[in-house]
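Summary of structural features
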Amino acid sequence: LHRRGHVLVWPGWSNLPNGVVALEYDPDAASLISAMVIEHIDEITQATRGLVQEWDVINEPYSNHDIMDLSGERVMVDWFLAARRNLPQAPLYLNDYSILSNGGQDIAHQNHYERTIDLIDQGAPLTGLGMQGHFGDNATAPEKLLSLLDRFARFGLDIKITEFDINTDDQDLVDDYTRDFMTLIFSHPAVAGFQFWGF
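Here the residue numbers are simple positions, counted from 1 along each chain's written sequence. Predicted model: local features are reported for residues with pLDDT of at least 70 only, side-chain atom pairs are reported and counted for 80 or more only, and whole-chain, interface and lining totals are derived from all residues. Think of the side-chain values as coming from all heavy atoms in the structure, minus any hydrogens and water.

**What about the sheet that holds strand β5 (residues 158–166)?**
Remark on secondary structure: sheet strands pair via backbone hydrogen bonds, oriented parallel or antiparallel. The line we're drawing: Strands pair, by our definition, only if DSSP identifies at least two bridges between them. Numbering of helices and strands runs from the N terminus; a helix is a DSSP stretch of H or I covering at least four residues, while a strand is a stretch of E covering at least two. For every element, the axis is a line fit to its C-alpha atoms; helices are fit only across the contacting stretch, and the angle between N-to-C directions ranges from 0 to 180 degrees. We call two residues in contact whenever any of their non-hydrogen atoms come within 4.5 Å of each other.
Spatial strand order, β1-β2-β3-β4-β5-β6: 6 strands in an open sheet with parallel pairing. A single partner strand is all that each edge strand has here, and the edge strands are β1 (4–9) and β6 (191–196). Going from strand to strand, the sheet's axes swing by 30° on average, the running direction of each strand aside. Judged from the 4 bridges that link them, strand β2 (residues 54–59) and strand β3 (residues 92–96) form a sheet pairing that is parallel. Along β3, the bridge assignment pairs Asn59 with Asn95. Most of the contacts of helix α2 (residues 29–48) go to β1, to which it runs at about 160°, and overall it touches β1 and β2. Helix α7 (residues 171–187) contacts β4 (128–135), β5 and β6 of the sheet and is inclined by roughly 180° relative to β5.

Right, dumping it as structure tokens:
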């Protein structure tokens, strides 16, 4: 049985434990929070070693960047290095949304994702790219999906669709787009996996 872990660090105040958020205005917040995050990564990866085969190390850094604002973007490299110390073989992913969805038109988000990949990949063991797949009535055209997969495949990392769903009342769209989307992604050599976000 293959299990994915989601997620080691979701670095926005609204997604962090109360004990971390309480330190937001502490004069030593940067060093205190950095130490707490590393301790958390150690605790979780050691407790689940052998039970969880791969991890999303960071989730949604485009809109959840409060820790990076406090401590600098290089902390993301530290988080991947901490995960690798305890998980010498596990695939380690960066996960984010709106890379493939919204008609494929969220350029700012895609550019941020690319810059984040560059930063992490130069100093840490990033092995995979998680792309959430939350679609609505404005489902991204197949040609655009292929161009986006090609864009990010240049990193040579596995791509996984981590959270696929279609939020619409149009059942024909759900049926047809699910079929076409799965056909398309599994035709792409960089795509290593797919999972639904509920049923």
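**Concerning the nonpolar core**
We apply this condition: Each nonpolar core is a collection of buried residues, namely Ala, Val, Leu, Ile, Met, Phe, Trp, Tyr and Cys, held together in the definition by side-chain atoms within 4.5 Å. Accessibility here uses a 1.4 Å probe with only protein chains present; expressed as a share of the type maximum, an area under 20% marks a residue as buried, one over 50% as exposed, and anything in between as partly exposed.
Core analysis: the biggest nonpolar cluster contains 56 residues, and Trp79, Phe80, Leu100, Ile117, Met131, Phe152 and Phe181 have the highest contact counts within it. Of the residues forming this core, the biggest block, 7 residues, is contributed by helix α4 (residues 75–86). Discounting chain neighbours no more than four positions away, the residues touching Leu100 are Met131, Phe135, Thr140, Leu145, Leu148, Leu149, Ile161 and Phe181.

**Focus on helix α6 (residues 142–153)**
Using the following cut-off: Residue count minus one, scaled by 1.5 Å, sets the expected span of a helix. By definition, the arc is the one covered by directions from the helix axis to the C-beta atoms.
For α6, with 12 residues, the first-to-last C-alpha span of 16 Å sits near the 16 Å given by 1.5 Å per residue. Within α6, the full set of buried residues consists of Leu145, Leu148, Leu149 and Phe152. Projected down its long axis, α6 carries its buried residues within an arc of 100°, all on one side. In this fold, the buried residues of α6 make contact with α5 (107–123), β4, β5, α7 and β6.

**Topic: the pattern of salt bridges**
Rules: The working definition used for a salt bridge is a side-chain nitrogen of Lys or Arg within 4 Å of a carboxyl oxygen of Asp or Glu.
The tally for this structure, following the rule as stated, stands at 7 salt bridges. Across the salt bridge formed by Glu54 and Arg4, the nearest N and O atoms sit 2.5 Å from each other. Of the two residues, Glu54 is situated in strand β2 and Arg4 in strand β1; the sequence distance between them amounts to 50 residues. Like Glu54, the residue Arg4 is buried in the burial classification.

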